[in-house]
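Residue-level structural notes
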Amino acid sequence: LAHELGHLVLDYNWFPGKEIQLNHEKEVLSVNFRYKDRQEDTTEISEQIANEFAAAFLMPTKLVKQIIEGADEDDEKIEMVAENFGVSKLSAKNRLEVIGEIDAA
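Residues numbered from 1 in each chain as written. Predicted model: local features only at pLDDT ≥ 70, side-chain atom pairs only at ≥ 80, totals over all residues. Heavy atoms only, no water.

1. A look at helix α4 (residues 74–85)
- Between the first and last C-alpha of α4 there are 16 Å, a value that for 12 residues agrees with the 16 Å anticipated at 1.5 Å per step.
- For α4, the secondary structure elements touched by its buried residues are α2 (45–58), α3 (61–68) and α5 (89–98). (Helix = DSSP H or I, 4+ residues; strand = E, 2+ residues; numbered from the N terminus. Expected span 1.5 Å × (residues − 1). Contact = heavy atoms within 4.5 Å.)

2. Some points on the nonpolar core
- Counting 13 residues, the largest nonpolar core has Met-59, Val-64, Val-81, Phe-85, Ala-92 and Leu-96 as the members making the most contacts within it.
- It is α4 that provides the largest number of residues to this core, a total of 4 residues. (Core = buried A, V, L, I, M, F, W, Y, C linked by side-chain atoms within 4.5 Å. Buried < 20%, exposed > 50% of the residue type's maximum accessible area, 1.4 Å probe, protein only.)

3. Re α2
- Taking 1.5 Å per residue as the helical rise, α2 with its 14 residues ought to reach 20 Å, and the 20 Å between its terminal C-alpha atoms agrees with that figure.
- Residues of α2 that are buried: Glu-47, Gln-48, Ala-50, Asn-51, Ala-54 and Ala-55. Each buried residue of α2 lies within a common arc of 165 degrees when the element is viewed along its axis, so the set occupies one face. (Arc of directions from axis to C-beta.)

Now the structure itself:
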């Protein structure tokens, strides 16, 4: 849902109370599920940006770093982030990679 919120905010310039204006000949507002979390999983820039928006929205960098403080092992960091933010381990791992707290596997 956070990914799709990113599309609404970033692609359609939507905010609460504002109606979405679409050019019905060119644009379609749709919600599609894709199991593609990582930046290299998609070449569409709007998908990459929505992924980054969702990750930052759900797992703010400052809070992630506070939560993993003192953890040494990558698996421990992933578990801590997943548990504290209520996200999947895959999402936690991707976020930690993006912010440079673990090496990409």
